[in-house]
Amino acid sequence: MAINSEFKKQSVSFKKTSGPKDLTPTFPPFPVPPHGVTIIPFKDFTPYGYKRLRTETGEEIEVDALGGLPTVKVLSDEEVVQRNKDRKRRRNAGQSADATGRIVPWWEEWEEGENSRTTSEPIELRRSLVDRVHQAADDFRIGRTWPPISSGVRTIWDHFRLYIGLLSSLPIYRKVKRSKGNTDMTCDGDGDASDNDDTPKAKQINLNIVQDPLEQIPHPGKQLEPNEGEADIMACLLETFLEDMEKSIKVFMSSYMRDKGLIWSERNLFIAPTVLHFFFRFMQRNNVFVGFETHTENLNRAVVVAELAIRELPLTARVARVLPGIFDAACKECWGYQGSLSMYISTTLDSEDGCTSTDTPTSSAVGTFEEALKADHAEIVSSDVVLDSLMAKEVLDDTFGADDVVNISPPADDPWAAAITAGQNTTVSWTDVKVDSLLTFLGPTQLPLTHAVGVVEFSTRKVKEIMLPEAIDSIPDTPSAAIEHELGSRFTRVVLEPWVRTQTDELVDIMRPVITSSSRGAVIKDPFADTIDVSDAHSPSDAYNPCRDDLTILIDPASVDCFHVGLGLCGTWVQIARCEDVENSITTIDQGIPHVSKHPRDCFWYLEDVVSIFPSFYTESEVEIDLGQTTDNDDL
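Residues numbered from 1 in each chain as written. Predicted model: local features only at pLDDT ≥ 70, side-chain atom pairs only at ≥ 80, totals over all residues. Heavy atoms only, no water.

(A) View of the overall build of the chain. For the chain, the count of helices and strands is 19 helices and 12 strands. Taken over 636 residues, the chain has a buried fraction of 40%. Here the analysis covers contacts within the chain between residues at least 6 apart in sequence; of these, 71% occur between residues at least 24 apart. (Helix = DSSP H or I, 4+ residues; strand = E, 2+ residues; numbered from the N terminus. Buried < 20%, exposed > 50% of the residue type's maximum accessible area, 1.4 Å probe, protein only. Contact = heavy atoms within 4.5 Å.)

Structure follows, in C-alpha cells:
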C-alpha cells in the first residue's frame, strides 16, 4: 500500500491549554527511550502464552507464562447463556443438588458463599449507627438467594426486622414486574420496577451483590416505612437493639417468639437462631460497627448467644416429646395424680389475696372456681350428665368389665348411641389404652412397698447435671436402698436446680415454686423471707427449700441427647420418699399418709407433667411496645 508523501510529512500534536508548553507531546518522531530500557521490535517478540501450575494444596491453576500471574476465566457466549438459564431456573435456595445427588439445604448453600458476601458500599461512609444497621439488613436480604416463602425463613427474618424497628409491618413478596423500555436499576419501593434479569430493586444498592429475585411490598392499606405516629416507636426499638444486642437476641428467641406463637412450629426453633447467626456474622465480617468498640464487643456476644440457641431451641421440642418419660408415667400410674386443679387456682389466689397454697383446701378452691364461672354466666355440667351415654357405658365396660353392673341409660336422641347400636362404630380401637407400669422395666418390684410420695412441687427448674447409668458396687442394707441402686443403674439421672432463687428471678412465665396441697413433708413456707418458717415440726436444716435444694429425676438413657445443661423445665415434681424413714407420729390431718423425714434432695423424683420448656437464655423484654401489625404474615 502506497502512503501519500504529504501525509507522511504531517505531524500530529495534542496540546493542553492548561499545561506547560514544554510538556506538549508531539510525534512523529517518537520520543527517545529512557536510559537502560530496550524496546523489543515486534519482529523479535516471542509470545509466551499460558501454562498450568499446581499449587501447594494440589489445585491446578492457569497462569501467565511470562509473569506467573493467575488468569481470569472469560466465559464463552454459550457458557453465559447457560449460566443465565441456570440462574432463572433456580430462584430459591435449598433446591440444588451436589455431586452425589443430595439436595443441599439452604443453610449449607448460604455457608458456601458467605465469606464473599459484602455490603453494597463501604460501611465507613455511614457515620450513624442506625444507618449502618439499615444498610446491613438490606444488603443481607438482597445479597443471597432465599428458600421458598413456604419454608418460613423469610417470615422469621421479617419478624426480627419488625422486632428491632426496621419495619413497621410484615411485608409480602412478589416477583419484580417487567415494564417495557425500563432500564433503570433502582426502585423507590412503592412502584413497579424491572430489568431483563428480574433482579430486585432497592434504594441506592450495588447491583453486583444482588441475588434475591423477589421484591418486598406492604400489605394493602399498610406500609413498610413508618408514618409519623410510628417513627418514634420504631426509633425506640432500634435504639434498644443497639444498646444491648446480646439481650435483644435473647428476648427475640425466647419470650418474643413465645408471645407471637412462633415456638409452636418446630422448624422455627432451628430457622430463627440459624438466620440470626448468619446475620450477626455478616455484620461481624463487614465491620459494621467499626470505630465503636463497645458495640463490636456486644455484637460478638450476640453471635455466641445465636450459636447457643442453635443447639438449645430445637432441643426444647425434642424434650417435650420424651417427657414425661416411661418411668414418670409408671410412677403416676402407681401413686395416682398428685397435682390438682386447686394447685393452679391457688397460684392465682396467692398473687391476689396473698394466701399460701397450703392454706386453701381443695374443696374451697374448687368452690371458688365454680363461683367465678357462674359470675361469668358459664354453665356447670355435672359429670353424671356426661356419663349418660351408651358410648360411656362401653368405656366403663372396658375399664371395669362387662359383668359389672353400671346403671346408665342413654338418651333416646343421642346420635352416638344410635351409631353404636347400628354397629357403625366401635370404641375398642381408641379405648384400649396402653397403661405404663413399673412391671414393664422393673419386673415384680417392691418399689410401691418401699417408697411413698413425699413433697409435691410445681416450679421451673434448670438442668444442672446429667449422669449416665452406673453400677454401684456397695451392697444395699435395706430393700429401699436396693431399689434405688437398681433405678440408678437402669436410668440416666438428671439433676435440676431451681430457676427462681430470689424474688428478682421471677418473670411473667417463670414464677416462684408452689407446694401443692397433696404434698407431705417439711417444707420452708416462704423461702424468700428473712426468718425461716417450716411447715412442719422440723428444724430448718431438715426442711426442704424449693428455692435452694436440687432434685433428681430419672430418664430413659436413649433420651440423653435431647437434654442440655441449662434447659428449663416447668412442671409438677413429685418426690419418691423411703417408707422406712417415715416418722411414726402422724397428725390427725395426715392420718394414713406417711410423713417424710429424709431430706428430699437425697431422693429420686419423678415428673408428673410438663407445662413449659425454656432455653437457658430465656429473657423477657422490659420494653412493652406493640405496633399492632404483627399478624399479617403469621401463617407459617
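(B) Here's a closer look at the environment of Q135. Relative to the helices and strands, Q135 resides in helix α4 (residues 129-142). Owing to a relative accessible area of 5%, Q135 belongs among the buried residues under this scheme.

(C) Examining the pairing of strand β11 (residues 568-578) more closely. Among the 11 residues in β11, 11 count as buried, and that is most of the element. The pairing of β11 with strand β12 (residues 604-614) spans nine bridges and is classified as antiparallel. Bridging across to β12, L569 finds its partner in I613. (Pairing = 2+ DSSP bridges.)

(D) Focus on the packing of helix α5 (residues 153-163) against helix α8 (residues 268-285). Look at α5 against α8: their axes get within 9 Å of each other, and the N-to-C directions meet at 60°. What the angle tells us is that α5 and α8 run oblique. Crossing geometry of α5 relative to α8 is assigned as right-handed. Residues V153, I156, W157 and F160 of α5 lie in contact with α8, whose contacting residues are N268, I271, A272, V275, L276, F279 and F280. Its residues assigned to classes, the contact of α5 with α8 shows 10 nonpolar, one polar and no charged. (Axes fitted to C-alpha atoms, helices over the stretch in contact; angles between N-to-C directions. Parallel < 35°, antiparallel > 145°, perpendicular 65-115°, else oblique. Left-handed = near helix turned anticlockwise from the far one by under 90°. Nonpolar A, V, L, I, M, F, W, Y, C, P; charged D, E, K, R; others polar.)

(E) Representation of helix α19 (residues 479-490) in the model. The terminal C-alpha atoms of α19, which comprises 12 residues, lie 17 Å apart, in line with the 16 Å expected from a rise of 1.5 Å per residue. Taken as a whole, α19 has its buried residues at S480, A481, I483, E484, L487 and G488. Looking straight down α19, one finds that the buried residues subtend no more than 155° of arc, so they occupy a single side. (Expected span 1.5 Å × (residues − 1). Arc of directions from axis to C-beta.)

(F) Representation of the packing of aromatic side chains within the structure. Inspection of the entire model under this criterion finds 27 aromatic pairs. With 5.0 Å between their ring centres and 55° between their planes, Y163 and Y256 make a pair best called tilted. Linking Y163 in helix α5 with Y256 in helix α7 (residues 245-259), this pair joins segments that are 93 residues apart in sequence. Assigned by exposure class, Y163 and Y256 land together as buried. For the pair W499 and F614, a centre-to-centre distance of 6.1 Å together with 65° between the ring planes defines the contact as edge-to-face. Taken together, the residues span a long stretch of sequence, with W499 in the loop between β8 (492-498) and β9 (514-515) and F614 in strand β12 at a distance of 115 residues. Using a relative accessible area of 10% as the deciding quantity, one classes W499 as buried. Assessed through its relative accessible area of 0%, F614 is described here as buried. Its guanidinium or amino end placed over the ring of W110, R144 lies 4.7 Å from that ring's centre, counting from NZ or CZ. Above the face of the F278 ring, R281 is positioned so that its terminal group lies 5.0 Å from the ring centre. (Phe/Tyr/Trp six-rings, centres within 6.5 Å; stacked < 30°, edge-to-face > 60°. Lys NZ or Arg CZ within 6 Å of the ring centre and 35° of its normal.)

(G) Just the nonpolar core, in detail. One finds F140, F160, F241, M253, F279, F280 and F289 to be the most contacted residues of the largest nonpolar core, which totals 53 residues. Among the elements of the structure, α3 (106-112), α4, α5, α6 (228-243), α7, α8 and α9 (293-322) are those that each provide at least two residues to this core. The element that contributes the greatest number of residues to this core is α8, accounting for 10 residues. Setting aside anything within four residues of it in sequence, one finds F160 in contact with F241, F252, L276, F279 and F280. L315, V319, I553 and L567 belong to the second-largest nonpolar core, a separate cluster that totals 21 residues. (Core = buried A, V, L, I, M, F, W, Y, C linked by side-chain atoms within 4.5 Å.)

(H) Structural view of α8. Given a rise of 1.5 Å per residue, 18 residues ought to cover 26 Å, and the 25 Å separating the end C-alpha atoms of α8 matches this to within 8%. The element α8 is largely enclosed, with a buried count of 15 among its 18 residues. Among the residues trailing α8, N287 stands out with phi positive, at a value near 50°.

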